[in-house]
Structure formats: structure tokens, C-alpha cells
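# Structure at a glance
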Amino acid sequence: MSLNHVRPWRNIYRRKSRQIMVGNVPVGGDAPIAVQTMTNTLTTDAPATIAQVQAAAEAGADLVRVSVPDEASSKALKEIVRESPVPIVADIHFHYKRGIEAAEAGAACLRINPGNIGDEKRVAEVIRAAKDNNCSIRIGVNAGSLEKHLLEKYGEPCPDAMVESGLDHIKILQDHDFHEFKISVKASDVFMSAAAYQALAEATDAPIHLGITEAGGLVSGTIKSAIGLGQLLWMGIGDTIRVSLSADPVEEVKVGFEILKSLGLRHRGVNIISCPSCARQGFDVIKTVETLEKRLEHIKTPMSLSIIGCVVNGPGEALMTDVGFTGGGAGSGMVYLAGKASHKMSNDQMVDHIVEEVEKKAAELDTTKDAAE
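Residues numbered from 1 in each chain as written. Predicted model: local features only at pLDDT ≥ 70, side-chain atom pairs only at ≥ 80, totals over all residues. Heavy atoms only, no water.

### Re the overall build of the chain
Counting its secondary structure elements, the chain contains 12 helices and 15 strands. Since a compact globule built from 373 residues should have a radius of gyration of about 21 Å, the 23 Å found for the chain is in line with a globular shape. Dimensions of the chain along its principal axes, counting C-alpha atoms only, are 75 × 40 × 40 Å. Buried positions account for 51% of the 373 residues belonging to the chain. For the chain, restricting intrachain contacts to residue pairs at least 6 apart in sequence, the fraction spanning at least 24 positions comes to 63%. Charged side chains in the chain number 39 positive and 48 negative. The centres of these two groups are separated by 2 Å. (Helix = DSSP H or I, 4+ residues; strand = E, 2+ residues; numbered from the N terminus. Rg over C-alpha atoms; globule rule 2.2 N^0.38 Å. Buried < 20%, exposed > 50% of the residue type's maximum accessible area, 1.4 Å probe, protein only. Contact = heavy atoms within 4.5 Å. Lys, Arg positive; Asp, Glu negative; His and termini not counted. Charge placed at Lys NZ, Arg CZ, Asp CG, Glu CD.)

### Quick notes on the layout of surface pockets
When its volume is computed, the largest pocket comes out at roughly 1200 Å³. Taken together, 35 residues make up the lining of the largest pocket; nearest its centre are Arg 10, Leu 263, Gly 264, Leu 265 and His 267. Of all elements in the fold, only helix 9 (249-262), strand 11 (270-274) and strand 12 (303-308) reach the threshold of two or more residues within the lining of the largest pocket. Here the second largest pocket is characterised by a volume of approximately 920 Å³. In terms of lining residues, the second largest pocket is bounded by 30 residues, among which Lys 254, Glu 258, Lys 261, Glu 293 and Glu 297 are the most central. Breaking the lining of the second largest pocket down by element, the ones donating at least two residues are helix 1 (46-59), helix 8 (218-234), helix 9, strand 11 and helix 10 (285-295). With 8 residues, helix 9 is the largest single contributor of residues to the lining of the second largest pocket. The class makeup of the residues in the lining of the second largest pocket is 14 nonpolar, 5 polar and 11 charged. (1 Å grid on protein atoms, 1.4 Å probe; cavity = no way out; pocket = protein on both sides within 12 Å on 5 of 7 lines; lining within 4 Å. Points joined across faces, edges and corners; volume = space filled by probe spheres on them. Nonpolar A, V, L, I, M, F, W, Y, C, P; charged D, E, K, R; others polar.)

### Some words on the pairing of strand 7 (residues 136-142)
In terms of burial, strand 7 is a largely internal element, 7 of the 7 residues being buried. Side chains Ser 136, Arg 138, Gly 140 and Asn 142 of strand 7 all project onto a buried face; the interleaved residues Ile 137, Ile 139 and Val 141 project onto the opposite face, where all are buried too. Crossover strand 6 (residues 109-112) to strand 7 through helix 4 (residues 120-132) is right-handed. Relative to strand 8 (residues 181-186), strand 7 runs parallel, the two being bridged by 6 bridges. For Ile 137, the partnering residue across the bridge sits in strand 8 and is Phe 181. (Right-handed = clockwise from strand over helix to strand, strands pointing away. Pairing = 2+ DSSP bridges.)

### Here's the deal with the packing of aromatic side chains
Tallying each qualifying case throughout the model produces 1 aromatic pair. Plain terms: the ring middles of Phe 283 and Phe 325 are 5.3 Å apart, the flat faces sit at 70° to each other, and that makes the pair edge-to-face. With Phe 283 in the loop between strand 11 and helix 10 and Phe 325 in strand 13 (residues 323-327), the pair connects residues that are 42 residues apart, well separated along the chain. Taken as a pair, Phe 283 and Phe 325 share a single burial class, namely buried. Directly above the aromatic system of Phe 181 lies the positively charged group of Arg 18, at a separation of 4.5 Å from the ring centroid. Here Arg 268 stacks its cationic end above the ring of Phe 257, 5.7 Å away from the centre of that ring. (Phe/Tyr/Trp six-rings, centres within 6.5 Å; stacked < 30°, edge-to-face > 60°. Lys NZ or Arg CZ within 6 Å of the ring centre and 35° of its normal.)

### Side note on the sheet that holds strand 5 (residues 88-92)
The strand order 8-7-6-5-4-3-10-9 describes an open sheet built from 8 strands, whose pairing is parallel. Both edges of this open sheet fall to strand 8 and strand 9 (209-210), since each of them pairs with a single strand only. Helix 3 (residues 96-105) rests against strand 5 and strand 6 of the sheet, and its axis sits at about 165° to strand 5. (Axes fitted to C-alpha atoms, helices over the stretch in contact; angles between N-to-C directions.)

### Comments concerning the environment of Pro 315
As for its position among the elements, Pro 315 is in helix 11 (residues 314-318). C-alpha of Pro 315 to C-alpha of Thr 204: the two residues are 111 residues apart in sequence and 48 Å apart in space.

### Digging into the sheet that holds strand 11
Taken in spatial order, the 5 strands make up an open sheet running 11-12-13-14-15, and their pairing is mixed. With one partner strand each, in any of the chains shown, strand 11 and strand 15 (340-346) form the two edges of the open sheet. Taken pair by pair, the neighbouring strands of this sheet meet at an average axis angle of 20°, ignoring direction. Summarising the sheet, strand 13 and strand 14 (residues 332-337) pair through 5 bridges and their orientation is antiparallel. Following the sheet pairing, Gly 327 is matched in strand 14 by Gly 333. The strands that helix 12 (residues 350-372) touches are strand 11, strand 12, strand 13, strand 14 and strand 15; relative to strand 12, the one it contacts most, it runs at about 160°.

### What about the nonpolar core?
If you look at the biggest cluster of nonpolar residues, it comprises 78 residues, and the most contacted ones within it are Leu 77, Leu 110, Ile 137, Met 162, Leu 210 and Leu 233. In contact with Leu 110, not counting residues within four places along its chain, are Ala 90, Gly 99, Ala 102, Ala 103, Val 126, Ala 130, Cys 135, Ser 136, Ile 137 and Arg 138. Among the nonpolar cores identified, the runner-up in size contains 20 residues, and Leu 292, Val 351, Val 358 and Ala 362 belong to it. (Core = buried A, V, L, I, M, F, W, Y, C linked by side-chain atoms within 4.5 Å.)

No statement about biological role is implied by the geometric values presented.
See the structure below:
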């Protein structure tokens, strides 16, 4: 990754992992950190699942995982894969035959859980199907479903048990000459997850999929995931991420991108810098930001927008953003373009005006990028 020599305290040195392909998406190495989510529709309802996959892809998901709990779901998966704009990861638990069927249906990756997929002979059959169908594998270790012998050895789920489970399964894959795999060690406990991932990062060069499993609802799960994933990403650990929320999968994608954007690891869409508002605000900041977030969802170009209620911090924030608006007085505020004060705009017209300015700037940035390529 490029380093910031002016502000070295912003540098993140990513762990050196080998790269694999999940469909047409590179994972690991110097590839961008991939954002993943998972459908929550019945997989057998192919139209509903396809619609959810497409919505997630539109929000920015690089990969989408689909549960395959039964044979009917395996059959539906073929149509889902065919209609999906992004690679599909098949989520496999308990029955190894579902993994074989999913690989044959065109899944780009199989997520298998060492704690419930079966003995090595069954895993070997899944590996053979993955090889035959150019399919990668994710070893997905969960604290809540560790193998019985590891729970007996350690007494309870813990980072050492999770890492041992993952490394045991890595050995099985490597013994069968299979190397197109990534790995995760998830727990709902932030401390356990962080410790397990740090130990795993030192024990293998495989690409790592990050997640805090069963994190909770939209607000609590977002906070929990931001703390857990944020610290690991800051340490340079992680090649793909999934934010697990009891919410719409699109929200998982949005939160995942926001976490990556906050660390400068991925850039997509408008990064809105806004104040919490107070009695000094010259306009309704909260309502304005809420409206702009919706109105600017269609912008994919990475750019920044500052919306600040008053002149205490407004001009300073606007100096560092592509477009800015700072509240003033008498029902109007100042519009900033490329960090410089440009013109005044009335509060009642400023939302439409800001949308126009952002769209104009996005088009300008896209043209500059195309010319440079």
C-alpha cells in the first residue's frame, strides 16, 4: 500500500498474506480488503435471494454468502450464482454433501465449519469437489461450535482452541494439496476474537477473513464490530471482512465500508464530515445530514463533504474537503469548493445545491481518473 510520508501516523502496514481468488475477486496479498455480507432470505426462494444479492452488490459488496442448508437450496443456488453480479460464497454446515453440490452449482467459495462438517474423509470429498470446480474454501471457525475434543482439552472456548481448530483444518487442506483457502476465527466476544486473530496472523500466511460473529443489532453490532475489526485492521490484519448484524444485509455492507473508509483502507462514495450540532448551528444539521446521506447514495466516486453548523470549526473542516457547507446567519451559509470559500447559499436551497455540487465534483474526479488511466 502507499505510505503517507507527510503524516506517517496514518500509515497501516498490512500483514503479508498470500493471495487467492474467490471467483474474479482477489483476496489477500496487496488486493483491496473485500467487503462481504450474507443473505437472510430462504435460499430456496431464488428470486428473493437474487434481489438481496443484487442490492448488496449495489451497496458495494464484493462477495455475498448464501446459506445452503438442504438439497433444495443447492438446486436454487445454481440460478442464484447465474444471476449474481458478484461471486457467491456457499455457507455449509453439518452436511458435507451440500458442499459438493454447492461447488457443482458454481459457488466461488465454500465456507466450511471444522466443528460440524464431519471427519477427514468427508472433508476430502469436499476438497475434491472444490478442486474440480475451481472453487476456493474458507475455513470458518466459530467459538460457539468448536470440536468436542478441543472443548475437553481447553475447558471452554478460548483463542488457543480456536486457532488450533483452524490450523488443524489447514493441515487437512494442505495434506490434500489444496491451497486456495482463507480462514476466520470468529467469536461474539470482542476480546476473544481479537486475541484469536492476532495469534492466527502469526501462525499462517493464509488470507484472513475478519468478523465479530453475532454482534447484535444495527447500533450495538456496529459499535462492537467497529471496535473489534477496527483494531485488527489498524494492526494490518485482515483481507476480507463481514459485519454481522441483525439487520438488512445492505446495512452490513455500509458499516463495513465505513470502517474501512475511517482507516483509509477503502474509498467509495461520499465521506460526510458533520458536527453533532448545538445551539450555535445556523441550520438543522442532523436533518440535513440525514437527507444528504440518502440523496448521495448513488455517488460511488470517493470524495469528501463537510456539513458544519457554525463557523467555529466549519471553515477549518472545509479546507480539507472537496465540498463543504458552513452555517452562518440570516438564513444562509457559505459553500466551499476544493477547500476555498466560494459563495453563499440560503439554507432552504442548500440541500439541492450541495447535491448538485457533489455530483459535479464526482463527474470531474471521474474524468480526471479516466484521463490518467
